[in-house]
Amino acid sequence: METEIKKVIDRAGAKIQYDSYCKKILGSKMILAWILQASIEEYKYVTHDCIIQCIENEPDIGTFYDMSK
């Protein structure tokens, strides 16, 4: 019989794993290119290859920047 705390821990683990996979997918330059082209007017007629070249470095996934400093 599962305890309530085990159920909570299992759900939290699944959420963390789901979040990690989403970050990896959204960190793909190809996926970002599709999103930018579909949602930003300035990129509407720019090719995916050109958009990818405009994305500098690798996307920084899971890093928190304190913008108040």
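Residues numbered from 1 in each chain as written. Predicted model: local features only at pLDDT ≥ 70, side-chain atom pairs only at ≥ 80, totals over all residues. Heavy atoms only, no water.

Engineer: Before we go on, may I ask you to explain the overall build of the chain in this structure?
Structural biologist: Of the regular secondary structure elements, the chain holds three helices and zero strands. For the chain, the sequential pattern of α-helices and β-strands runs α-α-α. Scored against the burial criterion, the 69 residues of the chain give a buried share of 9%. Expressed as a percentage of contacts within the chain between residues at least 6 apart in sequence, the contacts between residues at least 24 apart total 30%. (Helix = DSSP H or I, 4+ residues; strand = E, 2+ residues; numbered from the N terminus. Buried < 20%, exposed > 50% of the residue type's maximum accessible area, 1.4 Å probe, protein only. Contact = heavy atoms within 4.5 Å.)

Engineer: Quick question: what am I supposed to make of a nonpolar patch on the surface here?
Structural biologist: A surface patch of nonpolar side chains, about 330 Å² in accessible area, is lined by Ile25, Leu26, Ile31 and Ile35. Put simply, the parts of the chain that give the nonpolar patch at least two residues each are helix H1 (4–26) and helix H2 (29–39). Exposure remark for Ile35: the relative accessible area of 38% places this residue in the partly exposed category. (Patch = residues over 30% accessible without salt bridge, like charges linked within 9 Å, V, L, I, M, F, W, Y side chains within 5 Å. Areas by Shrake-Rupley, 256 points an atom, 1.4 Å probe, with all protein chains shown as cover. Salt bridge = Lys/Arg side-chain N within 4 Å of Asp/Glu carboxyl O.)

Engineer: Help me out: how do you make sense of the side chain of His48 in this one?
Structural biologist: By the element assignment, His48 lies in helix H3 (residues 48–54). With a relative accessible area of 17%, His48 lands in the buried category. In this view, His48 contacts Met30, Ala33, Trp34 and Gln37; residues no more than four positions away in its chain are not counted.

Engineer: How do you make sense of the state of the cysteines when you look at a structure like this?
Structural biologist: Every disulfide links exactly two cysteines, by a covalent bond between their sulfur atoms. Inspection of every chain in the model, using the stated rule, returns zero disulfides. Cys50 forms no disulfide, and the closest cysteine sulfur to it belongs to Cys54, at a distance of 4.5 Å. A residue is classified by how much of its surface remains accessible, and Cys50, at 34% relative accessible area, is partly exposed. (Disulfide = S-S within 2.5 Å.)

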